[in-house]
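Remarks on the overall topology
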Amino acid sequence: MTQRIPVTVLGATGTVGQKFVRLLAEHPWFEVTAVAASSASAGRTYAEATRWREPVPMPPEIARLTVNECVPPSPGAIVFSALEAEVAGPIEQAFAASGAIVVTNTRTHRMDPDVPLLIPEVNEDHLSLVDCQRESRGWDGAILANPNCSTAALALALAPLHRAFTIERLFVSTMQAISGAGYPGVPSLDIVGNVIPFIAGEEEKIERESRKILGTLASGAIEPSEFSLSVHANRVPVVDGHMATVSVEFRRKTDPAQAIEALRGFRGSPRVCQLPSSPVPPIEVDERIDRPQSRLDLERGGGMAVTVGRVRPCPVLDLRMVVLGHNTVRGAAGQAVQIAELLVADGRVARSAGRAG
């Protein structure tokens, strides 16, 4: 690819927007040519409008860009949305109606029947929902959604087990990092030395989204998986990294050795494996007794790999394990960039500066 594809970041001054900017700054396929945020930031340079939270310097070429308001048109085919859910809906729809392909990290459209909710290694065939969406909504663009930050890691780890043994029941308890609450996030007096056993809407999102992602595409619609799922969501005093302890029952009984074999052998399709953001393997199994750990295992695969450990028999269901994923990379901006890469590989975005195909 000799010319990078121009892209826009909506909500670029927030924490997820900043992660998009960092990941896209040196991307081999994409170039950030426009940043947009609220009217309070519009008209200022990105450097002036942004309280930069990433642990690397702000990319100078993006620092000089003038922040726009979140209104179409955009200069390129792809728009990454890190908008707050309360305002995202009409803005994302306006960009799609203008012909842009919107890859959104917000919850607003995730459960829309015609919106693909994607983990490229798991359900790339759901990408064809874009055609149904364009026909039903009468626009030339599209909206594609990235899952909830905990769902992204959990569903990726469950996918090979569901394919091999068919999940029937799940019990999940999450330990979610404070970065998942954005900035400034959870007050320090609430979270330091504490665990908060409630995150608004989180349990419901994990339950609904996991069934959609692991569901099957038939006749232009997703048939959600029918397993039952019970989730407890907890906020813990860790900066990055969402961990989940999982107990699972299967239709076809298995043992830890067979489950580990399925996890280690799992890959996306050949074209997904070749995407710039795809880790190979996407799931790493660590058999050490005390792993995974957020501090030691979070950056595997550049933050895009999910680590699974403590795979062992469950005395109540069949199997239990621990899953760890990077909530702002695999669970947010990194996977959204991977989805955009899949659009290019699928021919839905031209490998030039043109509009969506």
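Residues numbered from 1 in each chain as written. Predicted model: local features only at pLDDT ≥ 70, side-chain atom pairs only at ≥ 80, totals over all residues. Heavy atoms only, no water.

1. Quick word on the pairing of strand E4 (residues 78–81)
- Neither face of E4 is exposed, since Ile-78 and Phe-80 on one face and Val-79 and Ser-81 on the opposite face are all buried.
- In the sheet, strand E1 (residues 5–10) pairs with E4 via four bridges, with the strands oriented parallel. Paired with Val-7 across the two strands is Ile-78, which belongs to E4. (Buried < 20%, exposed > 50% of the residue type's maximum accessible area, 1.4 Å probe, protein only. Helix = DSSP H or I, 4+ residues; strand = E, 2+ residues; numbered from the N terminus. Pairing = 2+ DSSP bridges.)

2. Topic: the side chain of Ser-150
- On the secondary structure map, Ser-150 appears in helix H7 (residues 149–165).
- For Ser-150, the residues in contact, after removing those within four places along its chain, are Thr-174, Gln-176, Glu-202, Ile-206 and His-242. (Contact = heavy atoms within 4.5 Å.)

3. A look at the pattern of salt bridges
- Applying the stated criterion to the full structure yields 21 salt bridges.
- For Glu-124, the salt bridge identified is with Arg-271, shortest N-O distance 2.9 Å. Of this pair, Glu-124 sits in the loop between helix H5 (120–123) and helix H6 (129–137) while Arg-271 sits in helix H11 (residues 270–273), and the two are 147 residues apart along the sequence.
- Note on Glu-124: relative accessible area 17%, which makes it buried.
- Overall, the relative accessible area of 31% leaves Arg-271 in the partly exposed class.
- Between Arg-300 and Glu-284 there is a salt bridge, with the nearest N and O atoms lying 2.9 Å from each other. A residue pair is termed long-range when its members are at least 10 positions apart, and Arg-300 in the loop between helix H12 (294–297) and strand E13 (306–313) and Glu-284 in strand E12 (residues 283–286) qualify at 16 residues. (Salt bridge = Lys/Arg side-chain N within 4 Å of Asp/Glu carboxyl O.)

4. Structural notes on the confidence of the model for the protein chain
- Mean pLDDT for the protein chain: 96, with 98% of residues reaching 70 or above.
- Predicted confidence is poor over residues 353–357, with pLDDT under 50, and the contacts of this stretch with residues over four places away or in other chains come to 19 contacts. (pLDDT = per-residue confidence, 0-100.)

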